[in-house]
Amino acid sequence: MNAKVIVVTSGKGGVGKTTTTANIGAGLAKLGEKIAVIDVDVGLRNLDVVMGLESRVVFDLVDVLEGKCRMRQALIRDKRVENLYLLPASQTKDKDSLDADKMKLVVRELIEQEGFDRVLIDSPAGIESGFRTAAAPAEGALVVVNPEVSSVRDADRIIGLLEAQQLREIRLIINRLRPKMVASGNMLSEADILEILGVKPIGIVPEDEGILVSTNVGEPAVLGNTRAGQAFLATARRIHGEDVPFEKYEENKGFFATLRRLFGGA
């Protein structure tokens with residue numbers, strides 16, 4: 001993706017949006033980009049916990065906007081990954097303390113004055129003012145979707161709003177794919193989702209218990225060796241501009257599938 005400012009959104013809550021933001025941010029930083037991730041979920045704040053940085057929060061996004069601190073005082077550098085920084089949300093203010101124009105100013109300062117290569121904005125769930133504020137400065141979007149009907153329907157609504165905002169690049173991250181359920185017809189497949197939404201994927205992440213562990217201990221999965229962590233890193237590499245093939249997550253369908261693989265078939 002060429003977009004320097006990317007909003008990570010979903011419409012529906014609970015699809016793994018914040019985990020995706022943390023992992024893509026850490027992955028891009030591992031690849032050498034200077035990355036700022038911003039938590040815009042004012043009043044809740046979870047990105048700092050997922051990244052394991054909650055104990056280091058002193059100032060937040062709203063403090064910067066209200067002039068209570070400088071940007072560099074609020075930014076938290078991740079000591080495990082060079083060039084990865086977090087700008088946390090406020091837990092004590094409400095969403096009215098942030099608006100689209102203020103968000104544009106914050107992002108402009110990060111890019112033009114602080115020298116960040118890319119800014120990832122973790123959007124609140126839903127399509128209310130919080131989403132619109134998070135999306136306002138964005139040039140591109142990562143829409144996180146689970147392979148279930150309600151998530152895809154909400155993603156469709158979000159994509160429509162993003163397109164109305166004339167974002168240059170909108171890409172899907174299909175999260176929590178379960179190949180066995182897809183094979184049995186009990187879960188939407190990648191092809192089903194793409195047909196419904198008409199947006200190209202940039203990442204496909206399988207269901208993985210390792211993600212729960214990494215979230216609980218506050219360490220992005222891209223820093224470990226889980227299957228989901230590797231998928232997030234591959235996604236970051238595609239965003240970075242590399243041509244990375246998608247891993248096939250289909251289940252082995254038996255003897256003939258094995259033969260086809262052995263002899264170079266599909």
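A short tour of the structure in this document, coming up. (Residues numbered from 1 in each chain as written. Predicted model: local features only at pLDDT ≥ 70, side-chain atom pairs only at ≥ 80, totals over all residues. Heavy atoms only, no water.)

Turning our attention to the packing of helix H7 (residues 149-164) against helix H9 (residues 190-197). Relative orientation of the contacting elements H7 and H9 amounts to 35°, with a least axis distance of 10 Å. Where H7 crosses over H9, the two elements pack in a sense that is right-handed. Two secondary-structure elements touch here, H7 through Val152, Ala155, Asp156 and Ile159 and H9 through Ile193, Ile196 and Leu197. The residue makeup of the contact of H7 with H9, split by class, is six nonpolar, no polar and one charged. (Axes fitted to C-alpha atoms, helices over the stretch in contact; angles between N-to-C directions. Helix = DSSP H or I, 4+ residues; strand = E, 2+ residues; numbered from the N terminus. Left-handed = near helix turned anticlockwise from the far one by under 90°. Contact = heavy atoms within 4.5 Å. Nonpolar A, V, L, I, M, F, W, Y, C, P; charged D, E, K, R; others polar.)

Let us look at the sheet that holds strand E5 (residues 118-122). Spatial strand order, E3-E4-E2-E5-E1-E6-E7-E8: eight strands in an open sheet with mixed pairing. A strand with exactly one partner marks an edge of an open sheet, and here the two such strands are strand E3 (76-77) and strand E8 (201-206). Of the pairings in the sheet, the one linking strand E1 (residues 5-9) to strand E6 (residues 140-145) comprises four bridges and is parallel in character. Bridge assignment links Thr9 to a residue of E6, and that residue is Val143. Relative to E5, helix H1 (residues 17-30) is tilted by about 170°, and along the sheet it contacts E1, strand E2 (35-39), strand E4 (84-87), E5, E6 and strand E7 (169-177). Set on the sheet, H9 makes contact with E6, E7 and E8; between it and E7 the angle comes to about 150°. (Pairing = 2+ DSSP bridges.)

Let us now look at the nonpolar core. Within the largest apolar cluster, 44 residues are counted, with the highest numbers of intra-cluster contacts made by Val7, Ile38, Leu87, Leu110, Ile121 and Leu162. A per-element tally of this core places H7 first, with five residues. Setting aside anything within four residues of it in sequence, one finds Ile38 in contact with Leu47, Leu61, Leu87, Met103, Val106, Val107, Leu110, Val119, Leu120, Ile121 and Asp122. Core analysis: the second largest hydrophobic core is formed by 36 residues, Met1, Ile35, Met51 and Ile76 among them. (Core = buried A, V, L, I, M, F, W, Y, C linked by side-chain atoms within 4.5 Å. Buried < 20%, exposed > 50% of the residue type's maximum accessible area, 1.4 Å probe, protein only.)

Moving on: the pairing of E4. Side chains Leu84 and Leu86 of E4 all project onto a buried face; the interleaved residues Tyr85 and Leu87 project onto the opposite face, where all are buried too. Hairpin connection from E3 to E4: six residues lie between these consecutive antiparallel strands, with Asn83 at a positive phi of about 75°.

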